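Each chain, written out:
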Amino acid sequence: MAQAFDVVFLGTGSPLPSPDRCGCGCIIVAGNTNVLVDCGYGAARRIVPAGIIPAQIDVAIFTHMHTDHITDVPDFINQRWVSGATKPLRVFGPAGKQKMITGFLMAIEDDIRFRTAHHPGKLHPQGAKVEVTEFTVSQTPEAFFAEEGLVLESFEVDHFPVVPAVGYRAKFDGRSVVLSGDTNLCDSLLNAAQGTDLLISDALNPAMFAQYIERVRSMGRSNVASILEDVPSYHINTQEVTQLARDAGVGSLVLSHLLPNLPNNDEMEAAFKAGMSDIYSGPIRLARDLQRITVEKRVNP
Ligand SMILES: [Zn+2]
Ligand SMILES: [Zn+2]
């Protein structure tokens, strides 16, 4: 019988405010192993509603250091600890992770002391700790984790000037999922996605994003509009990701980290992916917060 291999979406949004989508974050569930991938604003608050106990997440990996991928880390450390963790969280990622964790732990140092005093003997001191492993990253997928049948690989993507920025490939039970992280169209993502069962990608809809910029400008916020005009230069667009999914022969495509950051609205989501099915014939879905998507073996290998 196939083992559980799912991706649980905590936050499917981008930095722009949305009533429905939190900052980037998801959990790879592979058998008994839960891996947190990124933890942007609000993502930690989604873990329990998504049906997962934070203490059951012992591994966290990060794609890059933009705030919409990391600012809920201290809340996650706290939730994991108070929900019963008895061993340190293990963090893996490219350069910068130790600095990030050291800073977040410093910010919540007093909180940890206060809660320990509130609840003597009830909170395990190891559960609030974090062990960081930084790895170097290259254009081709390289494994940095292999436990209980789950293999995690990283590869560099193009989110310049964010360096390093990485994507991940997870392999388990004869299936694979690739998570693009934030990226432009790049060969390393195309190569990593070759023949994968599920590709989860960043995506910007150029027409909808241009409309969004015009709305912002019409509200008198021309400085923000001018910043937003730079955004398409460092994110893959819907046409590019669809062509990549086709060229890589992926089994199924899920878009997350949406630009613009849509509300949960069927009509707008349909508009976001309009025309994509003309290019790529596999299933195309837009992830929503709290959704659980199973990594299914692709049908036409
Ligand atoms: Zn982002
Ligand atoms: Zn980013």
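Residues numbered from 1 in each chain as written. Chains lettered and ligands numbered in written order. Predicted model: local features only at pLDDT ≥ 70, side-chain atom pairs only at ≥ 80, totals over all residues. Heavy atoms only, no water.

(A) Focus on the coordination of the zinc ion (ligand 1). Every protein donor of the zinc ion (ligand 1) is listed here as Asp68 (OD), His69 (NE2), Asp182 (OD) and His257 (NE2), and their distances to the metal cover 2.1 to 2.2 Å. Here the zinc ion (ligand 1) binds 4 donor atoms, and the angle range of 88 to 176° at the metal identifies the geometry as irregular. Motif for the zinc ion (ligand 1), donor spacing along one chain: D-H-x112-D-x74-H. A gap of 3.3 Å separates the zinc ion (ligand 1) and the zinc ion (ligand 2), which aspartate 182 links by coordinating each metal. Highlighted residues: histidine 69 in the loop between β4 (59-61) and α1 (73-82) and aspartate 182 in the loop between β10 (175-179) and α4 (187-193), separated in sequence by 113 residues. Each member of the pair, histidine 69 as well as aspartate 182, carries the same accessibility label: buried. (Donors = N, O, S within 2.8 Å, 3.2 Å for Na, K, Ca; no water. Tetrahedral: all angles 85-135°; square planar, octahedral: opposite > 155°, others 65-115°. Helix = DSSP H or I, 4+ residues; strand = E, 2+ residues; numbered from the N terminus. Buried < 20%, exposed > 50% of the residue type's maximum accessible area, 1.4 Å probe, protein only.)

(B) Structural detail: the pattern of salt bridges. Enumeration over the complete set of coordinates arrives at 18 salt bridges. The salt bridge partner of arginine 246 is aspartate 247, with a shortest N-O separation of 3.0 Å. Assessed through its relative accessible area of 46%, aspartate 247 is described here as partly exposed. By sharing partners, the salt bridges in this structure join Arg21, Asp266, Glu269 and Arg288 into a single network. (Salt bridge = Lys/Arg side-chain N within 4 Å of Asp/Glu carboxyl O.)

(C) Structural context of the pairing of strand β9 (residues 166-172). The buried fraction of β9 amounts to 6 of the 7 residues, a majority that puts the element mostly inside the structure. Pairing analysis gives 6 bridges linking strand β8 (residues 150-156) to β9, with the strands arranged antiparallel. Looking at the pairing, leucine 152 lines up with alanine 170 of β9. The antiparallel pairing of β9 with β10 creates a hairpin that spans 2 residues between the two strands, and aspartate 173 there sits at a positive phi of about 50°. (Pairing = 2+ DSSP bridges.)

(D) Quick look at the coordination of the zinc ion (ligand 2). Those donors, His64 (NE2), His66 (ND1), His159 (NE2) and Asp182 (OD), are the protein atoms that reach the zinc ion (ligand 2), and they lie 2.1 to 2.3 Å from it. Bound by 4 donor atoms, the zinc ion (ligand 2) shows angles of 93 to 160° at the metal and therefore irregular coordination geometry. In primary-sequence terms, the residues that donate to the zinc ion (ligand 2) follow H-x1-H-x92-H-x22-D. Accessibility expressed as a relative area gives 0% for histidine 64, which makes it buried. Look at histidine 66 and you get partly exposed, because its relative accessible area is 28%.

(E) Structural detail: the pairing of strand β11 (residues 198-204). Across the 7 residues that make up β11, a large majority, 7, are buried. The pairing of β10 with β11 spans 3 bridges and is classified as parallel. Across the sheet, residue valine 178 finds its bridge partner in β11, namely leucine 199. Pairing between β11 and strand β12 (residues 253-259): 5 bridges, direction parallel. Residue pairing for β12: isoleucine 200 is matched across the bridge by valine 254.

(F) Layout of the sheet that holds strand β6 (residues 130-134). The 7 strands are arranged β6-β5-β4-β3-β2-β1-β14 in an open sheet whose pairing can be described as mixed. Of all strands in the sheet, those bounded by a partner on one side alone are β6 and β14 (292-294). Across the sheet, the mean angle separating the axes of adjacent strands is 25° when strand polarity is ignored. Both strand β3 (residues 33-37) and β4 contribute to a ladder of 3 bridges, which runs parallel. Bridged to leucine 36 within β4 is alanine 60. Where helix α2 (residues 97-107) meets the sheet, it contacts β5 (89-93) and β6, and its direction lies at approximately 160° from that of β6. (Axes fitted to C-alpha atoms, helices over the stretch in contact; angles between N-to-C directions. Contact = heavy atoms within 4.5 Å.)

(G) Representation of the environment of serine 188. Assignment of secondary structure puts serine 188 in helix α4. Separated by 31 residues in the primary sequence, serine 188 and valine 157 have C-alpha atoms spaced 6.3 Å apart. In this structure the side chain of serine 188 is engaged in a polar contact, spanning 2.5 Å, whose partner is the backbone oxygen of glutamate 156. (Polar contact = N/O pair within 3.5 Å; in protein donor to acceptor, adjacent residues only side chain to side chain.)

(H) Broad picture of unusual backbone geometry. With an omega of 10°, the peptide bond running from phenylalanine 160 to proline 161 counts as cis. Note that proline 161 resides in the loop between β8 and β9. Not every positive phi belongs to a glycine, and histidine 257 is a case in point at roughly 55°. When you line up the elements, histidine 257 lands in strand β12. In this structure histidine 257 comes out as buried when scored by relative accessible area, which is 2%.

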